[in-house]
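Secondary and tertiary structure notes
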Amino acid sequence: MAIDPKYVGRTYGPYKYEVGLEKLREFAYSVAGGAPSTGFTGGPPPGLNPLLWDEEAAKKGPYGTVIAFPTFPVTFAIKPFGAAIGDKDLGVNVLMLVHGEQEFELFDVIRPGDVMTTTGKISKIYGKGGMDFLVVETESKNQTGKLVVKGVWTAVIRQK
Amino acid sequence: MAKDIQVGTTFKHERTCTKYQPIYYAGGSGDFNPIHIDDEVGRKAGLGGVILQGLCTFAWLAETVTEFQQDPGKIRKIRARFSRPVVIGDTLTYEAKVTGIEGGKFHAEVVAKNQKGEEVLKGAALEVSL
């Protein structure tokens, strides 16, 4: 059963997310193959760029603080995408769903203490080759009102 | 350390999906979809077992350039289609090539393949500040 295209334009949010130093580190550790733990286990995986975890090195670096790994927005900017997928009106069968495509446009770095506000809207619904495509576009701004990241999230759902 | 980046410049990156990587990435990112952490769910879905989160493969795509530039703050755009699942034991090789330079940024296209030579991403591309 195809998703009704009348839902294009439906919006979700705003969702607030508080960025913490330890979470930035944990995310960076996990991408680099290490356990996402800063309090329990040992330090970062060997060779991890210090700008992602070392406050002293980051202070002297180009950004002045530890910064997020560039795909860190997946931890908070996904909310509207999840909301659309779970929206009972759309009737998406999650058992038939895979994450098909992802895009980020990054306008600034993300730092500890930033407060991100994310909104999203369904931008496209279409069918192709026996699959439904659901595309959600998100915008996340920080506490100064600056647009920091735009996301385009595409789910592909097998029609039954 | 400035890298001499020109059209045609290439760089590579490699990552292996270890047994614990989907668990580590679940903890780091919040994606606890059972298909990534429960072999039984993966088998029932016809995948043979767990598969790695697509966004981890996507993060490793970003790593390709953050490692090359030794600066994780320079990516302006990143995109990719997820074309094939990645499973425990897969080693992914990312091969990037600079295809254009303009306005203080370079564009790179990236081919990501597993150890069998199968592409796990399609249309992978980056726009990065110099």
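Residues numbered from 1 in each chain as written. Chains lettered and ligands numbered in written order. Predicted model: local features only at pLDDT ≥ 70, side-chain atom pairs only at ≥ 80, totals over all residues. Heavy atoms only, no water.

1. What about the side chain of A:Asp87?
All names here are of chain A. Relative to the helices and strands, aspartate 87 is located in the loop between α3 (79–86) and β2 (97–106). There is a polar contact of 2.8 Å between the side chain of aspartate 87 and the side chain of arginine 10. Here the side chain of aspartate 87 touches aspartate 89 through a polar contact of 3.0 Å, landing on its backbone nitrogen. Excluding its chain neighbours within four sequence positions, the residues that come into contact with aspartate 87 are Arg10 and Tyr12. (Helix = DSSP H or I, 4+ residues; strand = E, 2+ residues; numbered from the N terminus. Polar contact = N/O pair within 3.5 Å; in protein donor to acceptor, adjacent residues only side chain to side chain. Contact = heavy atoms within 4.5 Å.)

2. Some words on a nonpolar patch on the surface
All names here are of chain B. On the surface, Tyr20, Ile23, Phe32 and Ile37 cluster together into a nonpolar patch covering about 410 Å² of accessible area. Considering the arrangement of structural elements, one finds isoleucine 37 in helix α2 (residues 34–37). For isoleucine 37, a relative accessible area of 39% translates into the label partly exposed. (Patch = residues over 30% accessible without salt bridge, like charges linked within 9 Å, V, L, I, M, F, W, Y side chains within 5 Å. Areas by Shrake-Rupley, 256 points an atom, 1.4 Å probe, with all protein chains shown as cover. Salt bridge = Lys/Arg side-chain N within 4 Å of Asp/Glu carboxyl O. Buried < 20%, exposed > 50% of the residue type's maximum accessible area, 1.4 Å probe, protein only.)

3. Examining the confidence of the model for chain B
Low-confidence regions, as indicated by low pLDDT, have predicted coordinates that should not be scrutinised in detail. Summing up the model confidence of chain B, the mean pLDDT is 96 and the portion of residues at 70 or higher is 98%. Both confidence scores are given for the complex: pTM 0.97, ipTM 0.96. (pLDDT = per-residue confidence, 0-100.)

4. What to know about the packing of aromatic side chains
All names here are of chain A. Going through the model one piece at a time under the given rule, you end up with 13 aromatic pairs over all chains. Ring centres of phenylalanine 72 and phenylalanine 76 lie 6.1 Å apart, and the angle between their planes is 55°; on these two criteria the pair is classed as tilted. Note on accessibility: phenylalanine 72 and phenylalanine 76 belong to one class, buried. With a centroid separation of 4.8 Å and an interplanar angle of 0°, the aromatic rings of tyrosine 126 and phenylalanine 133 are classed as stacked. (Phe/Tyr/Trp six-rings, centres within 6.5 Å; stacked < 30°, edge-to-face > 60°.)

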